[in-house]
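# Reading the structure
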Amino acid sequence: MKDAIRSGFIALLGAPNVGKSTLMNQVLQEKISITCPKPQTTRNRILGIFNRPDCQMIFVDTPGIHRARDTFNKILVETALSALKEVDVAVFLVDVTARSTDLDRFVLECMESVPTPVVLALNKVDLLKDKKALLPILERYRTMRDFAAVIPLSALTGDGVDDLVAELVKLLPQGPRYYPEDYLTDQPERFFAAEIIREKVFHLTEQEVPYAVAVTIERFREEPERNLVRIEATIHVERDSQKGIVIGKGARMLQEIGRQARQDLERFLGCRVYLGLFVRVQKNWRRDRRVLGEFGYRMPK
Ligand SMILES: Nc1nc2c(ncn2[C@@H]2O[C@H](COP(=O)(O)OP(=O)(O)OP(=O)(O)O)[C@@H](O)[C@H]2O)c(=O)[nH]1
Ligand SMILES: [Mg+2]
């Protein structure tokens, strides 16, 4: 008989931009979730499956929790909070360089009634000049909730990430492997294709434009005999002016989005990629529940 392993689901939760997706990618050593210096990058619940001989950890990356006002942002926040219902452990990430803990307090309030053990991850310690500065930060969070463990780390450099994984293993119950060992995630390749394109728009455009963009995949056709995947995608924006920005002068912006996305997609899919991009105006899609659903953004049940 095989030795029993530990397994379970672990939610990565926190305010926007604290490094949740970076942490998931660091643990998996694979870019599963897109990241960006701009807040509110992640919009869906994204699984990252980490396998070791003695354990299977299924990380759930989530959108940043914030005080949402409109329907779209409420969907993002609810998507994040609903992950709490399905996990064995939650990792509450904070950015130790953040000037205010106000949003962190709000996130903890949202998690208040949840009995799941919570591990506090003090992220971005690489940016602290003096490590002694950690102590008062740690004490401040300790007054807000009882944590199962507290781990200072850098999701970017990987410093301390092994310590986090070691703590998480201890908190997981014995159980089965929920996914085959060669699975990294549960989303289909076309989802990642759309996300990679959206990431490039996020990085290359400014102000409201990244937030007004959604990407859908119209065609995803594998041609194994030519070692090629043909992808056709639509970049949806809310207004004509945004369409102009995404296309750019002489279509230079769209070409750059396409060039960078194709590079990442070829690495991700391990074959050549033909990428066709179209830009389309879908007026105020973030306010239209039907269209939101079509783009994959739904209130969780
Ligand atoms: N210096 C430093 N930067 C980090 C670290 N972790 C994340 N970052 C940066 O912080 C920014 C936000 O990281 P993300 O992983 O996208 O943050 P997130 O919490 O997933 O953000 P949302 O999806 O918007 O909620 C990116 O520019 C990362 O490179 C870290 O440990 N050190
Ligand atoms: Mg993210």
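No experiment lies behind these values; they were computed from the predicted model shown.

## Side note on the coordination of the magnesium ion (ligand 2)
Every protein donor of the magnesium ion (ligand 2) is accounted for by Ser-21 (OG) and Thr-42 (OG1), and the metal-donor separations fall at 1.9 to 2.1 Å. Separated by 21 residues along the polypeptide, Ser-21 in helix H1 (residues 20-28) and Thr-42 in the loop between H1 and strand S2 (46-52) bring together distant segments of the chain. The exposure classification of Ser-21 matches that of Thr-42, with both residues buried.

## A look at the site of ligand 1
In the vicinity of ligand 1, 22 residues are found, and the nearest of them are Lys-20, Thr-22, Gln-40, Thr-41 and Asp-126. The side chain of Ser-21 places a nitrogen or oxygen atom 2.9 Å from an oxygen atom of ligand 1. Asp-126 has a polar side-chain atom sitting 2.7 Å from a nitrogen atom of ligand 1. The protein chains hide 91% of the 660 Å² of surface that ligand 1 would expose on its own. By residue number, the principal contributor to the shell around ligand 1 is H1, which donates three residues.

## A few points about the packing of aromatic side chains
Tallied over the full model, the rule gives eleven aromatic pairs. A network of ring pairs unites the aromatic residues Phe-72, Trp-285, Phe-295 and Tyr-297 as a single cluster. Across from the ring centre of Phe-106, 4.7 Å away, lies the NZ or CZ of Arg-67, which sits over that ring. Over the ring of Tyr-274 we find Arg-230; its NZ or CZ atom is 5.4 Å from the centre of that ring.

## Concerning the pairing of strand S9 (residues 228-237)
Look at any regular strand and the pattern is simple: side chains alternate between the two faces of the sheet. Counting buried positions along S9 gives nine out of ten residues, so the element sits mostly inside the fold. Note: strand S8 (residues 214-223) against S9, nine bridges, orientation antiparallel. Bridging from a neighbouring strand, Arg-219 pairs with Glu-232 of S9. Between the antiparallel neighbours S8 and S9 lie four residues, among them Asn-227 with a positive phi of about 55°. In this structure, S9 lies alongside strand S10 (residues 272-281), joined through ten bridges in parallel fashion. Within S10, the residue paired with Thr-234 across the bridge is Phe-278.

## Description of the packing of helix H6 (residues 189-204) against helix H8 (residues 252-269)
It is at 9 Å that the axes of H6 and H8 come closest, and there the two elements cross at 140°. Between H6 and H8, the angle falls in the class oblique. Note that H6 runs across H8; the crossing there is right-handed. Packed against H6, whose contacting residues are Glu-189, Phe-192, Ala-193, Ile-196, Ile-197, Glu-199, Lys-200, Val-201 and Leu-204, the element H8 presents Met-253, Glu-256, Ile-257, Gln-260, Ala-261, Asp-264, Leu-265, Phe-268 and Leu-269 at the interface. A class-by-class count of the residues in the contact of H6 with H8 yields twelve nonpolar, one polar and five charged.

## Focus: the domain arrangement of the protein
Considered domain by domain, the protein is made up of domain 1 (5-175) and domain 2 (189-294). On a C-alpha basis, the centroid separation for the pair domain 1 and domain 2 is 28 Å. Between domain 1 and domain 2, the residue contacts involve 17 residues of the former and 21 residues of the latter. Of all residues in domain 1, Ile-34, Lys-38 and Arg-43 bury the most surface against domain 2, accounting for 37% of the area lost on that side. Taken together, the connections running from domain 1 to domain 2 amount to two salt bridges. A salt bridge links Glu-199 to Lys-31; its shortest N-O distance comes to 2.5 Å. For the interface between domain 1 and domain 2, the tally reads nine residue pairs in polar contact (both at pLDDT 80 or more).

## Regarding the sheet that holds S10
Taken together, the three strands give an open sheet; going across it, the order is S8-S9-S10, and neighbouring strands pair in mixed fashion. Either end of the sheet is taken by a strand with one partner, and the two such strands are S8 and S10. Across the sheet, the mean angle separating the axes of adjacent strands is 15° when strand polarity is ignored. Lying over the sheet, helix H7 (residues 240-247) contacts S9 and S10, oriented at roughly 155° with respect to S10. Across the face of the sheet, H8 comes into contact with S8, S9 and S10 while running at roughly 140° to S10.

## Considerations on the environment of Arg-142
Secondary-structure assignment places Arg-142 in helix H4 (residues 134-142). Remark: the alpha-carbon pair of Arg-142 and Arg-67, spanning 75 residues in sequence, is separated by 23 Å.

## Thoughts on the pattern of salt bridges
Scanning the model with the defined rule gives 22 salt bridges in all. For Lys-200, the salt bridge goes to Asp-264, with nearest N and O atoms at 2.9 Å. Here Asp-264 lies in helix H8 and Lys-200 lies in helix H6, a separation of 64 residues in the sequence. Each member of the pair, Lys-200 as well as Asp-264, is classed as buried. Linking Arg-239 and Glu-208 is a salt bridge whose minimum nitrogen-to-oxygen distance equals 3.3 Å. With Arg-239 in the loop between S9 and H7 and Glu-208 in the loop between H6 and S8, this residue pair connects regions lying 31 residues apart in the sequence.

Definitions and limits used
- Residues numbered from 1 in each chain as written.
- Chains lettered and ligands numbered in written order.
- Predicted model: local features only at pLDDT ≥ 70, side-chain atom pairs only at ≥ 80, totals over all residues.
- Heavy atoms only, no water.
- Donors = N, O, S within 2.8 Å, 3.2 Å for Na, K, Ca; no water.
- Helix = DSSP H or I, 4+ residues; strand = E, 2+ residues; numbered from the N terminus.
- Buried < 20%, exposed > 50% of the residue type's maximum accessible area, 1.4 Å probe, protein only.
- Near = heavy atom within 4 Å.
- Polar contact = N/O pair within 3.5 Å; in protein donor to acceptor, adjacent residues only side chain to side chain.
- Areas by Shrake-Rupley, 256 points an atom, 1.4 Å probe, with all protein chains shown as cover.
- Phe/Tyr/Trp six-rings, centres within 6.5 Å; stacked < 30°, edge-to-face > 60°.
- Lys NZ or Arg CZ within 6 Å of the ring centre and 35° of its normal.
- Pairing = 2+ DSSP bridges.
- Axes fitted to C-alpha atoms, helices over the stretch in contact; angles between N-to-C directions.
- Parallel < 35°, antiparallel > 145°, perpendicular 65-115°, else oblique.
- Left-handed = near helix turned anticlockwise from the far one by under 90°.
- Contact = heavy atoms within 4.5 Å.
- Nonpolar A, V, L, I, M, F, W, Y, C, P; charged D, E, K, R; others polar.
- Domains from an automatic or database assignment.
- Buried area = accessible area lost by both parts, 1.4 Å probe.
- Salt bridge = Lys/Arg side-chain N within 4 Å of Asp/Glu carboxyl O.

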